[in-house]
Amino acid sequence: MNITGRTKLLGVMGHPVTHSLSPLMHNAAIAALGLDYVYVALPIAPERLGEALTGLAAIGMVGFNLTIPHKQTVMPYLAEVSDLARAIGAVNTVWRTEAGWHGTNTDVAGFIAPLQTMGRDWSQATVVCLGNGGAARAVVAGADQLGCRSIQVFGRSPEKLAQFQQSWQSSPIGAKLSVHAWGDLAGAIGAADLIVNTTPIGMQPNVDVSPLSPAETLAIRSGTIVYDLIYVPRPTQLLQQAQSQGAIVVDGLEMLVQQGAAALRIWTAADIPIGIMRQTLEQHLGGGSRSPVK
Ligand code: NAP
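Sequence positions are assigned chain by chain, starting from 1 and proceeding in written order. It should be noted that, the model being predicted, local features are given only for residues of pLDDT at least 70 and side-chain atom pairs only at 80 or more, the latter also being counted only at that level, while totals for whole chains, interfaces and linings use all residues. Hydrogens and waters are ignored; side-chain quantities use all the structure's heavy atoms.

Student: Before we go on, may I ask you to explain the sheet that holds strand β3 (residues 63-66) in this structure?
Tutor: Strand pairing in a sheet relies on backbone hydrogen bonds, with the paired strands running either antiparallel or parallel. In spatial order, the strands read β2-β1-β3-β5-β6-β4; together these six strands make up an open sheet with mixed pairing. With partners counted over all chains shown, the strands left at the sheet margins are β2 (37-43) and β4 (80-81), one partner each. Sheet topology places strand β1 (residues 8-14) next to β2; seven bridges connect them, and they run parallel. Residue pairing for β2: K8 is matched across the bridge by Y37. The contact rule is simple, with two residues in contact once any of their heavy atoms fall within 4.5 Å. Lines fitted to the C-alpha atoms define the axes, with helices restricted to the stretch that makes contact. Angles between their N-to-C directions range from 0 to 180 degrees. Where helices and strands are cited, they refer to DSSP runs of H or I of at least four residues and of E of at least two residues respectively, numbered from the N terminus. Strand contacts of helix α10 (residues 253-268): β1, β2, β3, β5 (93-97) and β6 (100-104), with the helix running at about 5° to β5, the strand carrying the most contacts. Two strands are counted as paired when DSSP detects at least two bridges linking them.

Structure below.
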């Protein structure tokens, strides 16, 4: 990478942010495109977010991604928030215009990208979403964009489930969304066309656990798509077991790559080398992970 006096600045803000794989994959794509940009990790404490945005506008930063804990709290500092990001309640991609910072969410595009290549008719699909946190919101919006008929969200806290449902009430998505206690999962798994894990259960270092019990796993029908948003390890215990049930499995790496590619497209308007971004992450994760599942 050749940093010059004209190099434009991109980055990811988080707290902490040292674990982020975004600098690696974005800089690989930037190098392949021959663009004069650099993408850096920006550790920003929650109470200094407003100050940071003002400073980054002053130095002419082009745009940035946001990760925990800034995805919701950034909204008041933005001149404009896309309808999609507002519906989800989270911004992960921001760019600078003369009017100020604009924000949107590319997690939804990232989530649906591998599903869109499967050539399925989603109009009759029933989706079971495990968990009701931030990523589950992108999954619900994505399932709606695909045109799925029913979206069932399972969680362990009745209060959080009720809040989750309430937050979609004023959206058309509310009509196809239902929330359920974790204990009712067994009855739903066998009828699901798409099962998505948005919980951290099975993520490194706790690789020998699955969000589904043995009985729930056995209820997965052959041909069901089981999608785990986790990307370390690849595959997770859930995906390994689902695969032996005849399920089609998708891990979280493609979502990570595709949300990044969508952001880089916004900032640079370039034709993004998605293969390079994917390969860079696969090589990086390869050593410590199980063999890839897709
Ligand atoms: P989050 O907001 O903290 O949500 C996590 C959800 O999991 C919450 O609903 C939580 O329930 C639930 N949960 C945690 N432990 C559980 C357990 N033992 N039993 C049942 N439910 C449990 O986190 P997030 O931002 O949504 O991220 C969730 C996962 O998705 C992480 O593994 C993250 O790495 C992954 N992710 C991947 C991508 C990608 O690009 N591939 C993007 C975003 C996120 P409570 O609310 O009751 O605590």
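And the narrative resumes.
Student: Is there a simple way to explain the pattern of salt bridges in this structure?
Tutor: Where charged atoms from two side chains of opposite charge approach closely, those side chains can pair. When a carboxyl oxygen of Asp or Glu is within 4 Å of a side-chain nitrogen of Lys or Arg, the pair counts as a salt bridge. On inspection of all chains with the given rule, the structure shows seven salt bridges. Here K176 makes a salt bridge to D144, at a shortest N to O gap of 3.0 Å. In this pair, K176 is assigned in the loop between α6 (158-167) and β9 (177-181) and D144 in helix α5 (residues 134-146), connecting sequence segments 32 residues apart. The exposure class assigned to K176 is partly exposed, which follows from its relative accessible area of 21%. The buried label goes to any residue with under 20% of its type's maximum accessible area, the exposed label to any with over 50%, and the partly exposed label to all in between, with areas taken from a 1.4 Å probe on protein chains only. For D144, a relative accessible area of 25% corresponds to the partly exposed category. A salt bridge links R234 to D251, with the nearest nitrogen and oxygen atoms 2.8 Å apart. Of this pair, R234 sits in the loop between β11 (225-228) and α9 (237-244) while D251 sits in the loop between β12 (248-250) and α10; the two residues are 17 residues apart in sequence, bridging distant segments of the chain. Using a relative accessible area of 4% as the deciding quantity, one classes R234 as buried. Because the salt bridges share partners, they merge into one network encompassing R234, D251 and E282.

By themselves, these figures tell us nothing about what the structure is for.
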